[in-house]
Amino acid sequence: MSERSGWRRVLILILAAAACAAVSNLAASRERRLPWVGSYTRALEVEPAASSKEASGAAAPGPATTASVSPPAPAAGNTAAGASQRFPPHADRASAEIGTDEAEALFREGRLFLDARRSSVYADGHIPGARSFPVWESDIGDRVKALYEEGLDQNAPIVLYCSGGDCEDSHMLAEKLYMVGFNALYVYKDGFPGWQKRSLPVTKGGKP
Amino acid sequence: MAETQPAGHEGREALSFLTHPWLTIRVQIGLGVIFVVAALPKIADPPSFAHMIYNYRLVPGALVNALALVMPWVELLVGLALVLGVWRRQAAAFAGLLLLVFIVAIGANLARGRAVDCGCFDVHSAGKSREELLTEMRWVLIRDTAMLLMVAQVLAASRKPVRPALR
């Protein structure tokens, strides 16, 4: 067999794989479909040494747009005005991180919660009232656009969460929402596991 | 007194065993099955596999999804080709290339001290600790190196006409 024939077979293999992938992606359900071109701005960024990150117990830090910041002061009241003072808009960066106490306070105030995990994981259990915004699914752009078109106050605090620890999905969601103008995005860094650990209310099922 | 063998006889015998059709067929099918088994969960859930690729922090953001969509199918076709014995040499070479890519990806993250889920046979994060992940990554490097040796065996054997019907 000639060398040229060998390369032709390799090329056929790659083209066949691409064709199978295209058909499979077209036939896939919404939650298993992927856009061919990704838009992950931090795909090549490496966070600082993992050991120091573990020691601080913080989620993965990022560049200025998604930097970890000191959480706001603990809840002191339950009024909406109080929330706007304690969780002010921060137009200079996409998100700020909060802990379970702050997330719980915002939950009690009825603030909007967005769940950035996969929709199947969301269906298995989520914070009551949280909406599913799975960043790794193909329709995330449509969901962000729909939220924007609801005409919500873009300076009102919105809590984003995923699986805690090293999970970055909520930061990725924050970047998408920040790009359309939301200015008070708070990433609940302990995520759903932290919520469950505190025995706070959870609910199961599809869309709230 | 023992009969003296011509120089290089033992080496030729060892090579002859290593490229024996009996061994080659088993190595080839074993390698193929591993690739098929590894491909299926990735094909079933491309977003989770894209997430795994993203976590390696080695692929530009624009290419993450395309890679997550195409690579599992390459793995599947390479695996099937090895199992069925068609285009054996190209399939084995491609398998070797994929394994090299995996080794570099895992090795680079180990060198950077980043613990990542391998995503080799399961695309869902198992919630392992950092230490568990780092240990797993070291084992994956050893496993992939062993698989590279399997690839080398198939490539060496396919240089001679062991099974003309399959070529």
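Student: What's the story with the packing of aromatic side chains in this structure? I'm lost.
Tutor: Remark: the centre distance and the inter-plane angle together describe each pair of aromatic rings, the angle taken between the planes. All names here are of chain A. Applying the stated criterion across every chain yields a total of nine aromatic pairs over all chains. An aromatic cluster is present here, built from Phe107, Phe113, Tyr188 and Trp195 joined pairwise through their rings. Over the ring of Phe192 we find Arg117, and its NZ or CZ is 4.4 Å from the ring centre.

Student: How should I be thinking about the interface of chain A and chain B in this particular structure?
Tutor: Interfaces are often sized by the accessible area lost when the parts come together. Facing the 37 residues of chain A at the interface are 31 residues of chain B. Joining chain A to chain B, the criterion identifies three salt bridges. Two residues, Arg32(A) and Asp45(B), come together in a salt bridge whose shortest N-O distance is 3.5 Å. Our enumeration of links across chain A and chain B arrives at 13 residue pairs in polar contact (both at pLDDT 80 or more). Going through the elements one at a time, α1 (3-27), α2 (50-56) and α7 (169-179) of chain A are the ones with two or more residues in the side of chain A that touches chain B.

Student: Where do I start with the confidence of the model for chain A in this structure?
Tutor: Should the pLDDT be low somewhere, the predicted coordinates at that spot are not to be read in detail. Residue and element names in this part refer to chain A. Summing up the model confidence of chain A, the mean pLDDT is 83 and the portion of residues at 70 or higher is 81%. Taken together, the stretch residues 50-64 has pLDDT below 50 and engages in 28 contacts with residues farther than four places along the chain or on a different chain. Low pLDDT, under 50, characterises residues 66-78; the predicted model gives this stretch 32 contacts beyond four residues in sequence or across chains.

Student: It is not clear to me how the pairing of strand β4 (residues 158-161) of chain A should be interpreted in this structure. Could you clarify?
Tutor: The side chains of a regular strand alternate between the sheet's two faces. Residue and element names in this part refer to chain A. Of the two faces of β4, the one lined by Ile158 and Leu160 and the one lined by Val159 and Tyr161 are each fully buried. Relative to β4, strand β2 (residues 112-115) runs parallel, the two sharing four bridges. Counterpart to Leu112 in the pairing with β4 is Ile158. Pairing geometry for β4 and strand β5 (residues 185-188), over four bridges, is parallel. Looking at the pairing, Tyr161 lines up with Tyr188 of β5. For the crossover that starts at β4, traverses α7 and ends in the parallel β5, the hand is right-handed.

Student: Help me understand the state of the cysteines, please; the structure alone is not making it clear to me.
Tutor: Disulfides are covalent bonds that link the sulfur atoms of two cysteine residues. Residues and elements named next belong to chain A. Under the definition given, this model contains two disulfides over all chains. Here Cys162 is linked by a disulfide to Cys167, with a sulfur-sulfur distance of 2.2 Å. Residues Cys162 and Cys167 are joined through a disulfide that is left-handed, its torsion about the S-S bond being -135°. The class for Cys162 is buried, based on a relative accessible area of 2%.

Student: Looking at this structure, how should I read a nonpolar patch on the surface?
Tutor: Residue and element names in this part refer to chain B. On the surface, Ile29, Val33, Val37, Leu80, Val83, Leu84, Val86 and Phe121 cluster together to form a nonpolar patch covering roughly 620 Å² of accessible area. For the nonpolar patch, the secondary structure elements donating two or more residues are α2 (21-44) and α4 (61-84). Relative to the helices and strands, Ile29 resides in helix α2. Look at Ile29 and you get partly exposed, because its relative accessible area is 35%.

Student: Explain the pattern of salt bridges here, please?
Tutor: Close approach of charged atoms lets side chains of opposite charge pair. Under the definition given, this model contains 20 salt bridges over all chains. In this structure, Arg42(A) engages Glu45(A) in a salt bridge whose closest nitrogen and oxygen atoms are separated by 3.5 Å. Assessed through its relative accessible area of 4%, Arg42(A) is described here as buried. The partner of Glu168(A) in a salt bridge is Arg57(B), and the shortest N-O contact between them spans 2.5 Å. One end of the pair, Glu168(A), is in the loop between β4 and α7; the other, Arg57(B), is in the loop between α3 (46-56) and α4, on a second chain. Given the relative accessible area of 6%, Glu168(A) is considered buried. With relative accessibility at 3%, the residue Arg57(B) sits in the buried group. The network of salt bridges with shared partners includes Arg42(A), Glu45(A), Glu168(A), Glu175(A) and Arg57(B).

Student: Got a minute to help me understand the nonpolar core in this structure?
Tutor: Nonpolar side chains in soluble globular proteins tend to end up buried together. Counting residues in each nonpolar core, the largest one holds 62 residues, and the members touching the most others are Leu114(A), Leu160(A), Leu173(A) and Leu177(A). It is α4(B) that provides the largest number of residues to this core, a total of 11 residues. Residues within four places of Leu173(A) in sequence aside, it is in contact with Leu114(A), Ala116(A), Phe133(A), Val135(A), Ile140(A), Val144(A) and Leu160(A). Ranked by size, the runner-up nonpolar core spans 17 residues in total, among them Ala103(A), Tyr188(A), Phe192(A) and Trp195(A).

Student: Explain the layout of surface pockets to me, please; I cannot follow it from the model alone.
Tutor: In this approach a probe as big as a water molecule rolls over the atoms, and the regions it shows empty are the leftover space. Residue and element names in this part refer to chain B. Considered as a void within the structure, the second largest pocket measures approximately 560 Å³ in volume. Around the second largest pocket sit 32 residues that line it, and Phe49, Met71, Leu98, Val101 and Phe102 are the ones nearest its centre. Of all the secondary structure elements, the ones that give two or more residues to the lining of the second largest pocket are α2, α3, α4, α5 (88-111) and α6 (130-157). Per-element accounting of the lining of the second largest pocket gives the leading share, eight residues, to α5. Here the lining of the second largest pocket is built from residues that sort into 27 nonpolar, one polar and four charged.

Student: Would you mind showing me how to read helix α4 (residues 100-108) of chain A here?
Tutor: Residues three or four positions apart in an α-helix share a direction because the helix packs 3.6 residues into each turn. The element α4(A) is largely enclosed, with a buried count of seven among its nine residues. Burial in α4(A) covers these residues: Thr100(A), Glu102(A), Ala103(A), Glu104(A), Ala105(A), Leu106(A) and Phe107(A).

Student: Just checking my understanding: could you explain the side chain of Asp169(A) for this structure?
Tutor: Assignment of secondary structure puts Asp169(A) in helix α7. Buried charge Asp169(A) goes without a salt bridge, the closest partner of opposite sign being Arg118(A) at 7.7 Å. For Asp169(A), the side chain forms a polar contact with the side chain of Trp136(A), separated by 3.1 Å. Looking at Asp169(A), its side chain comes within polar contact range of the side chain of His51(B), at 3.1 Å. Apart from residues lying up to four places away in sequence, Asp169(A) is in contact with Ala116(A), Val135(A), Trp136(A), Cys162(A) and His51(B).

Criteria and cut-off values
- Residues numbered from 1 in each chain as written.
- Chains lettered and ligands numbered in written order.
- Predicted model: local features only at pLDDT ≥ 70, side-chain atom pairs only at ≥ 80, totals over all residues.
- Heavy atoms only, no water.
- Phe/Tyr/Trp six-rings, centres within 6.5 Å; stacked < 30°, edge-to-face > 60°.
- Lys NZ or Arg CZ within 6 Å of the ring centre and 35° of its normal.
- Contact = heavy atoms within 4.5 Å.
- Salt bridge = Lys/Arg side-chain N within 4 Å of Asp/Glu carboxyl O.
- Polar contact = N/O pair within 3.5 Å; in protein donor to acceptor, adjacent residues only side chain to side chain.
- Helix = DSSP H or I, 4+ residues; strand = E, 2+ residues; numbered from the N terminus.
- pLDDT = per-residue confidence, 0-100.
- Buried < 20%, exposed > 50% of the residue type's maximum accessible area, 1.4 Å probe, protein only.
- Pairing = 2+ DSSP bridges.
- Right-handed = clockwise from strand over helix to strand, strands pointing away.
- Disulfide = S-S within 2.5 Å.
- Patch = residues over 30% accessible without salt bridge, like charges linked within 9 Å, V, L, I, M, F, W, Y side chains within 5 Å.
- Areas by Shrake-Rupley, 256 points an atom, 1.4 Å probe, with all protein chains shown as cover.
- Core = buried A, V, L, I, M, F, W, Y, C linked by side-chain atoms within 4.5 Å.
- 1 Å grid on protein atoms, 1.4 Å probe; cavity = no way out; pocket = protein on both sides within 12 Å on 5 of 7 lines; lining within 4 Å.
- Points joined across faces, edges and corners; volume = space filled by probe spheres on them.
- Nonpolar A, V, L, I, M, F, W, Y, C, P; charged D, E, K, R; others polar.
- Lys, Arg positive; Asp, Glu negative; His and termini not counted.

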